[in-house]
Amino acid sequence: MSTPAGVLVVGASAAGLATAEALRRKGYRGALTVLGDEPHVPYDRPPLSKQVLAGQWEPERAHVRSGDALERLDARLLLGDAAVSLDVAARTVRSASGRDLTADAVVVATGVRPRVLPGQAGLRGVHVLRSLDDALALRVRLLGARRLVVAGDGVLGAEVAATARGLGVEVVLAGPQSAPMEAQLGPLASGLLAELHGEHGVDVRPGVAVEGLASADGRVTGVRLTTGDVLDADVVVVALGAVPNTDWLENSGLMLENGVVCDSRCSAADGIYAVGDVARWQHHGLGGLVRLENRTNATEQAAAVAANILGADLPYAPVPHFWTDQFAARVQVHGVLPADAQVDVVEGDIASRRFAAVYERDGRAVGVLGWNMPKQARLLRQRHLVEPRAAAVDS
Amino acid sequence: MKITVDEEKCCGAGSCVLAAPEVFDQRDEDGVVVLLDAEPAEGLHAAVREAADVCPAAAIALSEQA
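Residues numbered from 1 in each chain as written. Chains lettered and ligands numbered in written order. Predicted model: local features only at pLDDT ≥ 70, side-chain atom pairs only at ≥ 80, totals over all residues. Heavy atoms only, no water.

A. Expanded view of the packing of helix H5 (residues 155-166) of chain A against helix H6 (residues 182-199) of chain A. Residue and element names in this part refer to chain A. Across the interface, H5 lies against H6 with an axial gap of 12 Å and an inter-helix angle of 15°. Considering their axes alone, H5 and H6 lie roughly parallel with respect to each other. In this structure, H5 meets H6 at a crossing whose hand is left-handed. Contact with H5, carried on its side by Val-155, Ala-158, Ala-161 and Ala-162, involves Gln-184, Leu-193 and His-197 of H6 and no other residues of that element. Each residue belonging to the contact of H5 with H6 can be placed in one class, and the counts come to five nonpolar, two polar and no charged. (Axes fitted to C-alpha atoms, helices over the stretch in contact; angles between N-to-C directions. Helix = DSSP H or I, 4+ residues; strand = E, 2+ residues; numbered from the N terminus. Parallel < 35°, antiparallel > 145°, perpendicular 65-115°, else oblique. Left-handed = near helix turned anticlockwise from the far one by under 90°. Contact = heavy atoms within 4.5 Å. Nonpolar A, V, L, I, M, F, W, Y, C, P; charged D, E, K, R; others polar.)

Now the structure itself:
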């Protein structure tokens with residue numbers, strides 16, 4: 001494919017901006033447009049549940065790039081205008097304000113939105129946390145709160161619980177797993193995380209299925225469980241996962257199934273690509289279709305998509321990576337940590353809460369976890385997850 | 001080119017070290033980025049730009065004085 005005369009990126013968050021940056025870094029000098037539905041300049045989401053929610057950072061500090069850096073990008077940044085439809089054959093996106101934007105390559109980077117509970121809309125005291133505005137609204141509410149129930153024990157739920165506890169609020173963390181983040185961390189580290197939350201006064205309720213909300217006079221009063229019990233609350237954060245933002249693509253003809261379905265090049269159709277949380281692509285290393293909702297994937301996939309737009313024709317098969325900071329724990333995960341993996345602590349020790357471990361399945365390393373050992377985790381990642389794979393490709 | 005890093009933003013992923021090991025390292029104790037060379041030679045600029053772009057915490061800022 002020849003170099004496109006114009007590239008349109010739909011979505012102005014981490015993945016969208018990173019795609020534009022990677023195109024420029026790789027030498028693309030053509031027209032570049034980035035369309036975003038929010039009025040804000042691109043900002044980072046990981047600080048929202050931590051530094052921004054805690055009030056340690058002004059919102060501006062979460063901006064991905066300075067005004068100067070955005071200027072240097074030499075892209076047309078159209079903010080506060082959502083995409084409403086895509087004509088795949090013509091590669092034309094229509095926006096809510098009635099713009100028709102056409103380009104040789106279109107990149108879908110519209111992300112995900114939080115799942116909500118029935119009856120949640122319009123109820124006071126119930127929050128989700130996805131956008132900068134969500135974080136600021138939740139912060140205001142928490143400052144006057146008595147008791148927060150976090151419904152959902154994944155990464156976001158656990159981070160919100162930790163941050164809210166730091167603000168002095170009484171916190172209940174309720175979810176279906178036996179320990180917070182069990183799906184991401186496996187039994188060993190999620191157990192440690194549960195301990196840590198307990199020590200800091202978070203009331204962790206494992207094995208609890210949330211059914212809905214209890215309310216009176218238009219305000220939330222608690223979270224209803226499938227057992228019929230109600231967890232009393234004056235603030236509730238719903239952190240039950242997210243849904244890809246693909247509604248606007250419904251009539252486009254693209255295959256939509258838990259995200260925009262792509263080939264191994266992250267291409268959904270000729271000249272149409274997807275990147276970030278919304279993209280579900282064929283991952284050669286992990287086998288099958290994969291969708292990753294993490295910050296690292298946004299930049300790594302953006303670089304791969306930019307290269308493919310410029311003609312590289314390379315499969316994208318990253319080692320997944322995410323991190324979380326909760327209380328005094330800084331946890332890094334590279335690869336995957338299956339529940340039945342054999343865990344080998346190779347540096348530090350669990351008792352001192354500073355260790356790095358390699359996770360193996362069928363005699364092969366599949367993941368690395370660092371608990372307050374980020375550098376060691378990165379080195380282990382190279383040694384166990386990257387180099388053996390490169391050797392396998394060479395041979 | 002002049003590099004600045006925001007240690008408080010750094011998440012310890014180490015992507016910068018993989019992209020430009022001559023310019024970035026990580027502290028052993030907490031994984032926070034260590035800037036080895038704030039004004040790297042021109043031959044390293046492309047790698048540094050990549051390091052700044054791929055940092056998942058946007059902790060690396062570049063100012064491009066000629």
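B. Seen up close, the sheet that holds strand E25 (residues 342-349) of chain A. All names here are of chain A. Spatial ordering of the open sheet is given by E23-E24-E27-E26-E25, a layout of five strands whose pairing is antiparallel. In the strand order of this sheet, the two ends are held by strand E23 (321-326) and E25, each with one partner. Strand-to-strand twist in this sheet, taken as the mean axis angle between neighbours without regard to direction, amounts to 15°. Bridge count for E23 against strand E24 (residues 329-335) is six bridges, and the pairing is antiparallel. Counterpart to Thr-324 in the pairing with E24 is Val-331. (Pairing = 2+ DSSP bridges.)

C. Main features of unusual backbone geometry. Residues and elements named next belong to chain A. Within the chain, Met-181 stands out as a residue other than glycine whose phi angle is a positive 60°. By secondary structure assignment, the location of Met-181 is in the loop between strand E11 (170-174) and H6. Accessibility expressed as a relative area gives 0% for Met-181, which makes it buried. Its identity as a non-glycine residue notwithstanding, Asn-258 has a phi of 50°, on the positive side. Mapped onto the fold, Asn-258 is located in the loop between strand E17 (242-244) and strand E18 (260-262). The exposure class of Asn-258 is partly exposed, given its relative accessible area of 45%. (Buried < 20%, exposed > 50% of the residue type's maximum accessible area, 1.4 Å probe, protein only.)

D. Here's a closer look at the nonpolar core. A:Val7, A:Leu86 and A:Val93 are the most contacted members of the largest nonpolar core, which has 55 residues in total. Membership of the second largest hydrophobic core comes to 23 residues, among which are A:Tyr43, A:Leu129, A:Ala135 and A:Val202. (Core = buried A, V, L, I, M, F, W, Y, C linked by side-chain atoms within 4.5 Å.)

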